[in-house]
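# Secondary and tertiary structure notes
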Amino acid sequence: MANKRDLKKDINYVLGDIIEAVYIWELANAEKPTKQSEAIIDEAIATFDELIARVNDRSVEDKKAHFKAISSDLEAKGRSLIEKINTLK
């Protein structure tokens, strides 16, 4: 990870794109209930809040390892949310 600013941008872009994909699905499937899609949006927002809080944590001694762990968590949670979007019916 290059720096804190880039990590924050990555978190914002990835989770923002996931939320946008859910909104597109909702528009394309307007006749279907949205409880599942709303749950995905809520989970994405909670993930965003958690990861940004971890990025802003100043009590970490090894920042490089800390940011790398956050980046890998972002990737894992992003993939999980994308899989949930793909299973929406």
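This text follows the structure it describes.
Residues numbered from 1 in each chain as written. Predicted model: local features only at pLDDT ≥ 70, side-chain atom pairs only at ≥ 80, totals over all residues. Heavy atoms only, no water.

### Structural notes on the side chain of H66
Spelled out, the test is: Secondary structure elements are defined from DSSP: runs of H or I of at least 4 residues count as helices, runs of E of at least 2 residues count as strands, and each element is numbered from the N terminus. It only takes one pair of heavy atoms within 4.5 Å for two residues to be counted as in contact.
With respect to the helices and strands, H66 occurs in helix α3 (residues 63–86). Other than its neighbours up to four places away in sequence, H66 contacts R54 and V60.

### Focus: the environment of I52
With respect to the helices and strands, I52 occurs in helix α2 (residues 35–55). As a C-alpha pair, I52 and I70 span 18 residues in sequence and 9.2 Å in three-dimensional space.

### Quick look at helix α1 (residues 4–28)
For clarity, the cut-off: Helices are assigned an expected span. That span is 1.5 Å times one less than the residue count. When accessible area is computed with a 1.4 Å probe and restricted to protein chains, residues below 20% of their type maximum are described as buried, those above 50% as exposed, and intermediate ones as partly exposed. Any pair of N or O atoms that falls within 3.5 Å is considered a polar contact. Within protein, one atom must be able to donate a hydrogen and the other to accept it, and sequence-neighbouring residues count only if both atoms are side-chain atoms.
An ideal rise of 1.5 Å per residue puts 36 Å on 25 residues; α1 measures up with 36 Å between its terminal C-alpha atoms. All buried positions along α1 are accounted for by L7, I11, L15, I18, I19, V22, W25 and E26. Where α1 begins, the side chain of N3 points an oxygen toward the backbone nitrogen of R5, at a separation of 3.3 Å.

### Points about the pattern of salt bridges
Stated formally: Any Lys or Arg side-chain nitrogen located within 4 Å of an Asp or Glu carboxyl oxygen qualifies as a salt bridge.
For the structure on display, the rule yields five salt bridges. Close ionic contact of K84 with E43 constitutes a salt bridge, the shortest N to O distance being 2.6 Å. With K84 in helix α3 and E43 in helix α2, this residue pair connects regions lying 41 residues apart in the sequence. Overall, K84 belongs to the partly exposed group, its relative accessible area being 33%. Where salt bridges share partners, they join E50, R54, D73 and K77 into one cluster.

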